[in-house]
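# Architecture and fold: a report
The residues making up each chain are set out below.
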Amino acid sequence: IEGIKPVLNENNDGIGYRVEDGVFKKFCNSARSFSGKDSNIEKPYVFIIDEINRGNISKIFGELITLIEDTKREGMEEAISLKLPYSEEDFSVPSNVYVLGTMNTADRSISLIDTALRRRFSFIEMMPDEEVLMNMGIGNISIDGITLDIVAMLKTINARIEFLYDREHTIGHAFFMELVNEPTIDKLASIFMKSIIPLLQEYFYEDYQKIQLVLGDNAKSDDSLKFIIDEKVIAKNIFKGNVEDVIDLPEKKYSINSKAFENINSYKEIL
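Everything numeric in this text was worked out from a predicted model, so none of it was measured.

Within the secondary structure, Ala 159 is located in helix H6 (residues 150–164). You can call Ala 159 partly exposed: its relative accessible area is 47%. For the pair formed by Ala 159 and Thr 170, sequence separation is 11 residues and the distance between their alpha carbons is 8.0 Å.

Listed below in structure tokens is the structure:
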């Protein structure tokens with residue numbers, strides 16, 4: 001809400017301090033000044049805290065944790081205010097201020113959200129929404145004369161992830177929004193290689209057999225279309241002597257096929 005900033009004295013003979021309004025205080029004052037112009041109009045002011053679960057909740061909110069409650073807002077029956085420690089001004093939160101916090105439910109740090117915060121916020125689940133891609137005109141894209149149904153592909157991938165893992169780890173539609181300005185095979189390959197594949201590797205702890213299932217590589221018409229290539233492992237070609245009775249060896253080895261990302265048919269056969 002407020003902060004102390006060191007400044008040079010007027011005579012430049014030492015350091016002094018100045019009280020400065022914090023971001024949230026300025027935001028609330030702006031919202032308050034608007035609502036005072038016309039009591040019949042309440043313009044909403046939205047304050048967004050991204051990745052709120054990754055921050056230090058007590059430092060982000062502090063004494064605000066009570067002031068942001070609906071019933072404690074300025075003008076409400078149970079309205080309260082507090083005296084700020086530096087300026088000693090009375091401070092309250094206007095009723096037209098809305099605080100939004102975003103978080104990823106697949107993120108383990110969600111467990112850090114304390115009870116006080118949970119009681120004061122309404123939680124709204126935002127699952128992947130393929131309709132957004134449709135509305136942006138990229139539900140289908142055409143590359144080299146071949147049409148790829150992006151929406152159907154994403155739905156198929158997410159259905160498989162939900163079956164093999166859970167619904168909290170489904171792929172968001174936002175990854176594919178870059179196709180709006182660049183609906184090319186290079187951009188699609190970049191999305192998969194830099195975002196989708198690393199996510200799947202993390203989700204399944206590099207269990208490439210499950211990643212193959214998600215991407216349909218287990219049933220591609222040609223091995224060249226597989227994003228993840230599997231090869232049979234022959235122990236005697238790698239180790240000396242008989243080691244099969246000593247350690248549990250994998251039956252296959254896996255590698256990422258970079259050429260497949262450049263072929264539109266690799267994506268079509270995900271379906």
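Let us look at the packing of aromatic side chains. Summed over all chains, the structure comprises 11 aromatic pairs. Consider the rings of Phe 24 and Phe 47, whose centres lie 5.0 Å apart with planes at 85°: the pair is edge-to-face. Here the residue Phe 24 occupies a position in helix H1 (residues 23–35), and Phe 47 occupies one in strand E3 (residues 45–49), the gap between them amounting to 23 residues. Taking the relative accessible area as the measure of exposure, Phe 24 reaches 9% and is therefore buried.

Residues Tyr 45, Phe 47 and Ile 49 of E3 are buried on one face, while the alternating residues Val 46 and Ile 48, pointing to the opposite face, are not. Pairing geometry for E3 and strand E6 (residues 97–101), over five bridges, is parallel. The residue bridging Ile 48 from the neighbouring strand is Leu 100, located in E6.

So, how was this worked out
- Residues numbered from 1 in each chain as written.
- Predicted model: local features only at pLDDT ≥ 70, side-chain atom pairs only at ≥ 80, totals over all residues.
- Heavy atoms only, no water.
- Helix = DSSP H or I, 4+ residues; strand = E, 2+ residues; numbered from the N terminus.
- Buried < 20%, exposed > 50% of the residue type's maximum accessible area, 1.4 Å probe, protein only.
- Phe/Tyr/Trp six-rings, centres within 6.5 Å; stacked < 30°, edge-to-face > 60°.
- Pairing = 2+ DSSP bridges.

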